[in-house]
Amino acid sequence: GNMVEWCLPQDIDLEGVEFKSMASGSHKIQSDFIYFRKGLCFGLACFANMPVESELERGARMKSVGILSPSYTLLYRYMHFLENQVRHQLEMPGHYSHLEAFYDDKKGVLPDSKGTPSSQQPVHWLPSIHRYMYPEMKITHPAGCMSQFIKFFGEQILVLWKFALLRKRILIFSPPPVGVVCYRVYCCCCLANVSLPGLGGTVPESKPFFYVNVADIEMLETEVSYVACTTEKIFEQKRDLYDVYVDNQNVKTHHEHLQPLLKINNADKEKYRRLNDQRQMLMYSQEVGEDCSSCEEDLFILFFMEQNNRIFQTLLEVSASQDKTLTADHARGMGLDPQGDRNFLMDLLEVYGIDVMLVIDNPCCT
């Protein structure tokens, strides 16, 4: 099985990290990277697999080199270092001087065993406001992780958007490599960003758990909201652990009352068309050299943040009005389909504890 062969500091609790930093099924691939969560910290590890002529190692040497930090937003900066180091460890096992020097240079104060950082501010989860992850979180993916996300899911991102906004437990399955799937977890969390002050202090936050495996089952049982990914198919059978299961591009839920949210309606199609129009305009402006400072990641995050702000601004205004009545016109003004998004709106009001009366007639009912 997996084992931790070296770490600094030596007294840190790393139980289970040997399975988080090397995804199940990694033996089938040559290299990968993986984001994960350990307690209040986040980790990034780079994995590599090298054939060796050794019966003891069964013909292959596999290692991961990783780091832990109270925040995940800057971990990507050390990806290149970790990739080099895992190669170094495969070729020259047991030589840790570079890793020691890196630790001495970068070490900070990690949270203590009670989970309270002793000389730092508490960790800010998404979606406090996007400045916590921007502009630092420039994902190092060849074509940008947001454009990959949009191309991969297409209109389905509007389905994921609703589930993320409702703070559902979202689990994404994919066989290795898992690095790009960790980016999908991050993108999913970005869909739920809201920057209105004072909104829903009691609402569970959308936590990016990144990679999880069977060793995390006990922890996941206690979570009311998260976004995570796994390479272990066994999770699909454990329905009590998730609300939404994403198998590659197939988004599904076993909860009957959430089934209507899987259907793409006209308002969703219109939002997707607008998003693509804005992307095309951005690409054109970059081609003609008008605006090279904007990037697709910003556009994507701001598109959904503005959409979310508009919805909650309207809901809060209606709840503060005298008759508290939410009409079909309100729904359309929020960019929602009065009929197709009725269930979504009802769930939204319940999750965020907003007191309004929905008078949008459901055509199916008499």
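Scroll up for the structure.
Values in this document were obtained by computation on a predicted structure and should not be read as measured data.

Can you help me understand empty space enclosed by the protein in this one?
Empty pockets left among the atoms are what a rolling probe the size of a water molecule brings to light. One pass over the structure, following the stated rule, counts one cavity of 30 Å³ or more. Of the pockets and cavities examined, the largest cavity occupies roughly 30 Å³. In terms of lining residues, the largest cavity is bounded by Ser21, Met22, Ala23, Ser26, Asp32, Phe33, Ile34, Phe47 and Val178. Broken down by element, the lining of the largest cavity gets its largest block of residues, three residues, from strand β1 (residues 31-38).

Is there a simple way to explain the nonpolar core in this structure?
One recurring pattern in soluble globular proteins is that nonpolar side chains are buried together. Ranked by size, the top nonpolar core spans 92 residues in total, and within it Ile157, Phe300, Phe312 and Leu315 carry the most contacts. Counting contributing residues, this core receives three or more from each of domain 1 (17-103) and domain 2 (137-314). Apart from residues no more than four positions distant in its own chain, Ile157 is found in contact with Phe149, Ile150, Leu191, Tyr272, Leu275, Phe300 and Phe304. Grouped together as the second largest cluster of nonpolar side chains are twelve residues, Tyr226, Ala228, Phe235 and Leu241 included.

Even after reading the chapter, I still don't get the pairing of strand β8 (residues 250-253), so can you show me in this structure?
Successive side chains on a regular strand alternate, one facing one side of the sheet and the next facing the other. What you see with β8 is a clean split: Val251 and Thr253 sit on the buried side and Asn250 and Lys252 on the side with no burial. With four bridges connecting them, strand β7 (residues 244-247) and β8 associate as antiparallel partners. The residue bridging Val244 from the neighbouring strand is Thr253, located in β8.

Looking at this structure, I do not really get the pairing of β7. What am I missing?
Every second residue of β7 is oriented toward a common face, with Val244 and Val246 on one face and Tyr245 and Asp247 on the other, all of them buried. The hairpin turn running from β7 into β8, its antiparallel successor, is two residues long, and Asn248 in that turn takes a positive phi close to 55°.

How each quantity is defined
The residue numbering used here restarts from 1 in each chain and proceeds along that chain's sequence as written. With pLDDT at 70 or above as the cut-off, local features in this predicted model cover only qualifying residues; side-chain atom pairs require 80 or more to be listed or tallied, and sums for whole chains, interfaces and linings still use all residues. Heavy atoms from the whole structure form the basis of all side-chain values; hydrogens and water molecules are not counted. The pocket and cavity definitions rest on a 1 Å grid over protein atoms only: a 1.4 Å probe that fits but cannot leave marks a cavity, an open set with protein on both sides within 12 Å along at least five of seven lines marks a pocket, and residues lining either have an atom within 4 Å of a point. Grid points are joined across faces, edges and corners, and a volume is the space filled by probe spheres set on the points. Secondary structure counts use DSSP, requiring at least four H or I residues in a row for a helix and at least two E residues in a row for a strand, with both numbered from the N terminus. Grouping buried Ala, Val, Leu, Ile, Met, Phe, Trp, Tyr and Cys residues that are joined through side-chain atoms within 4.5 Å yields what is termed a nonpolar core. Accessible area is worked out with a 1.4 Å probe on protein chains only. A residue is then buried under 20% of its type maximum, exposed over 50%, and partly exposed in between. Domain extents, as shown, originate in an automatic or database domain assignment. For this analysis, residues touch if any pair of their heavy atoms sits within 4.5 Å. What makes two strands pair is DSSP finding at least two bridges between them.

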